[in-house]
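Structure at a glance
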Amino acid sequence: WAGSSPHLRAVLEASLEHGDREALVFEGERISHTEHFRRAATLARRLVEDYGVARGDRVALAMRNYPEWVTAFFAAVSVGAIVVPVNAWLSAPELEFVLRDSGARLLVADSERLERLGAALERLDLAVIAVRCAGPLPRGARAWAEVLGEVAPDAVPPEVALAPDDPATLFYTSGTTGRPRGALGSHRNMVSNVLSMAFMKARTLLRMGADVAEALALTFEAAPAKVLCVLPLFHVTGAQTVMLPTLSAGGTLVLLRRWDAEAALETIERERVSGMTGVPTMLAQLFAAPSFAERDLSSLVSLGSGGAPAAPALVERALRGGLRPEATLLGAGYGLTECSATASVSYGPDYLARPDSVGLPVPVVDVRIVGADGADQPPGRVGEIWISGPGVVHGYWNRPEETAATFVDGWLRTGDLGRVDDAGFLYVVDRAKDMILRGGENVYCAEVEAALLEHPAVLDAAVLGLAHEELGEEVGAVVRVAAQAPPDAGELRSFLAGRLAAFKIPSRIAFTVDELPRNAAGKLLKRRLRDEAAWPSAD
Ligand code: ATP
């Protein structure tokens, strides 16, 4: 592994030890660890010499999951720059907002993003490196291949004085609850989580009876581990929980152009992929894909979900689809951009026994459940989840007030509501802002969504509060069903009646056959659903 240095440059340097093994696979392209190192080292030199990139400068990356993203990430952090991973799904004004807000001086972007930005590029004071652009480049932009030039077989990154607590990343939050904010993370923030997750995985494997060497190899995603990266690299879960552990241990990162369940299954079979982590919707689509049961997935030893609520029904669907839990380690995790992705994880038997839990806090992370009065809550009682640990970022970029409100005395106030059980397992019950207050009773959306998903005809579900004259709010649900023989609202309500208290049962249910709108991090866009769903009038 990269050794004990909590620095991202050490992760890049470790690539040399992994030599000719494949580091990156993208369609027909295969890049070895040594080649990955040399390319990043060469680009690092160009950043400093051609663009004057210095410690603390922001370098924005806006593209699909291309190998160039990974090269540019390691090149920039190795010379002390702060990488701004830009969400590739953003519209032109949103892209412009992030570029302006972060004060990026250099943008590395693919043709789609550059086209989308169009005239906005003229307004921004930015140098541009264009990735995979066949057509004419924007004025002043240089092509990636031209910037990189020849990659010398002995290229090394320029020497720059760096410290583990230097800022390294400025990931923007998803913006599901407001405007996205940049979370300023350090090298230590990123690297500490890689070790924490590895520890949790090793512990589970040893408890399951794996021999030590096997457990260590799997734990560190070491060669011959091959990890399919289906999460966007611009999101902290993709970069932190998928890219870093894989590359730091000499494994292979297999990149997909875009998420597609059948393409993922075909790639797992062809490349003999050993691990994949996705948002819950991706896993649900994988298990529901027509070819799931027929594919040879025997290489797959770990399959994880995180980043958004996953209903326990997901496990049932995996098992029904033919997944063997003794052969494939299922897992789930919880975290935020503000804590560099991982606060808790649950693997294997723990996850199967408690599929509604997001697991145990990872080592050296503390979790508190804090009530409205500021007091710690006993097991079983719901309160706000607070987190402290080496993954918690410095704060928000240029937002002192929001930083002061969210990061308090070393604790990150997550805005999520949760509880722990007697064994210390954490459960996320809802986001505080999503919780429905129905006539004085709290309704947690995630619980109602999970109950709806137990119905075999329900493909997806979103629960949200709708304004109500007397109650303040009533419970609404948007339910995705198959086109044939959908259940009606009455039938669904009687199904829920056996599972939920009456006040939690949605009074208004809108049906759709379309996919529910989600952002790139797999989160439901509830504000959009509230405005756009075909709501029946109140009963
Ligand atoms: P913004 O703060 O701008 O609205 P965001 O909070 O959606 O953005 P992220 O950092 O992408 O930005 O998401 C973190 C949130 O995702 C957590 O606060 C939590 O609500 C949710 N989340 C993450 N993992 C899980 C999980 N396993 N179960 C339930 N919710 C989860």
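Below: a short report on this structure. Computed from a prediction, not measured in an experiment: that's the story for all the values here.

The rules we used
Within any chain, residue numbers begin from 1 and follow the written order of that chain's sequence. Local features in this predicted model are restricted to residues whose pLDDT is 70 or higher, and side-chain atom pairs enter the listing and the counts only when it is 80 or higher, whereas totals over whole chains, interfaces and linings include all residues. Note that the side-chain values use all heavy atoms of the structure and ignore hydrogens as well as water. Exposure categories follow from relative accessible area, calculated using a 1.4 Å probe and restricted to protein chains: below 20% of the type maximum is buried, above 50% is exposed, and the middle band is partly exposed. Numbering goes from the N terminus for both helices and strands, where a helix is a DSSP run of H or I of at least four residues and a strand is a run of E of at least two. Strands were regarded as paired on the criterion that DSSP finds at least two bridges between them. A right-handed crossover is one whose linking path, passing over the helix from the first strand to the second, runs clockwise when the strands point away from the viewer. Note on definitions: a residue-residue contact is assigned when non-hydrogen atoms from the two residues lie within 4.5 Å. Under this definition, polar contacts are N or O atom pairs within 3.5 Å; protein pairs additionally need one hydrogen-donor-capable and one acceptor-capable atom, and for neighbouring residues in sequence, both atoms have to be side-chain atoms. Residue types Ala, Val, Leu, Ile, Met, Phe, Trp, Tyr and Cys, when buried and joined through side-chain atoms within 4.5 Å, form a set referred to as a nonpolar core. Salt bridges are defined as contacts in which a side-chain nitrogen from Lys or Arg sits within 4 Å of a carboxyl oxygen from Asp or Glu. Under this scheme, a helix contributes an axis fitted over its contacting stretch, all axes are lines through C-alpha atoms, and angles between N-to-C directions fall in the 0 to 180 degree range. Small angles under 35 degrees read as roughly parallel and large ones over 145 as roughly antiparallel, with 65 to 115 read as roughly perpendicular and the rest as oblique. Charged means Asp, Glu, Lys or Arg here, nonpolar means Ala, Val, Leu, Ile, Met, Phe, Trp, Tyr, Cys or Pro, and polar covers whatever is left, Gly included.

1. Structural notes on the pairing of strand β26 (residues 472-481)
Every regular strand shows the same layout, with side chains that alternate between the two sheet faces. Counting buried residues in β26 gives seven out of ten residues, a clear majority hidden from the surface. Bridge count between strand β25 (residues 458-468) and β26: ten bridges; the pairing is antiparallel. The residue bridging Ala-462 from the neighbouring strand is Val-478, located in β26. One ladder, built from five bridges, connects β26 with strand β27 (residues 508-512); its direction is parallel. The residue bridging Val-479 from the neighbouring strand is Phe-511, located in β27. In terms of handedness, the path from β26 via helix α17 (residues 489-497) over to β27 forms a crossover that is right-handed.

2. Let's talk about the environment of Pro-167
Tracing the backbone through its elements, the reader meets Pro-167 in strand β8 (residues 167-172). Here the alpha-carbon distance between Pro-167 and Met-208, two residues 41 residues apart in the chain, equals 38 Å. Once residues lying within four places of it in the same chain are set aside, the contact partners of Pro-167 are Gly-80, Ala-81, Ile-82, Leu-184, Gly-185, Ser-186 and His-187.

3. Some remarks on the environment of Ser-298
Mapped onto the elements, Ser-298 comes out in the loop between α12 (280-288) and β13 (302-306). For the pair Ser-298 and Ile-268, spaced 30 residues apart in sequence, the C-alpha separation works out to 9.3 Å. At 3.2 Å, the side chain of Ser-298 and the side chain of Arg-272 are in polar contact.

4. Quick look at the nonpolar core
Counting residues in each nonpolar core, the largest one holds 88 residues, and the members touching the most others are Phe-73, Phe-74 and Met-243. In terms of residues, this core owes the most to one element, helix α3 (residues 67-78), which gives eight residues. Contact partners of Met-243, with chain neighbours within four places excluded, come to Trp-69, Val-70, Phe-73, Phe-74, Leu-233, Gly-238 and Leu-253. Ranked by size, the runner-up nonpolar core spans 29 residues in total, among them Leu-336, Cys-339, Leu-412 and Phe-425.

5. A word on helix α10 (residues 236-248)
With 13 of its 13 residues buried, α10 lies for the most part within the structure. Note on α10: the residue one or two positions beyond its end, Gly-250, has a positive phi of about 90°.

6. What to know about the pattern of salt bridges
Any two side chains of opposite charge can pair, on the condition that their charged atoms come close. A full pass over the atoms with the stated rule returns 44 salt bridges. Between Asp-434 and Lys-526 there is a salt bridge, with the nearest N and O atoms lying 3.9 Å from each other. Of this pair, Asp-434 sits in the loop between β22 (426-431) and β23 (436-438) while Lys-526 sits in helix α18 (residues 526-532); the two residues are 92 residues apart in sequence, bridging distant segments of the chain. Glu-449 is the salt-bridge partner of Lys-526, the closest N and O atoms lying 3.0 Å from each other.

7. Points about the sheet that holds strand β14 (residues 329-334)
Pairing in this open sheet of nine strands is mixed, and the strands run β2-β1-β11-β10-β12-β13-β14-β15-β16 from one edge to the other. Edge positions in the sheet fall to β2 (29-32) and β16 (360-361), since each of these pairs with one other strand and no more. The pairing of strand β1 (residues 22-26) with β2 spans four bridges and is antiparallel. Bridge assignment links Phe-26 to a residue of β2, and that residue is Glu-29. Across the sheet, α10 touches β1, β10 (226-229), β11 (252-255) and β12 (275-278), and the angle it forms with β11 is around 145°.

8. Looking at the pairing of β13
Counting buried positions along β13 gives five out of five residues, so the element sits mostly inside the fold. The two faces of β13 match: Ser-302, Gly-304 and Gly-306 on one face and Leu-303 and Ser-305 on the other face are all buried. The sheet contact formed by β12 and β13 spans four bridges and is parallel. Counterpart to Met-276 in the pairing with β13 is Leu-303. The parallel pair β12 and β13 is bridged by α12, and the resulting crossover is right-handed. Relative to β14, β13 runs parallel, the two sharing five bridges. Residue pairing in the sheet places Ser-302 in a bridge with Leu-329 of β14.

9. A closer look at the packing of helix α1 (residues 8-18) against α10
When two helices pack together, their arrangement is given by the angle between the helix axes and the distance between those axes. Contact geometry of α1 with α10 gives a least axis separation of 8 Å together with a crossing angle of 45°. Here α10 runs oblique to α1, going by the angle between their axes. Residues Leu-8, Val-11, Ala-14 and His-18 of α1 form the contact with α10, whose own contacting residues are Leu-244, Leu-247 and Ser-248. Class assignment for the residues of the contact of α1 with α10 results in five nonpolar, two polar and no charged.

10. Considering unusual backbone geometry
Phi at Arg-132 takes a positive value of approximately 50°, unusual for a residue other than glycine. You can see Arg-132 is positioned in the loop between β6 (127-131) and β7 (142-143).

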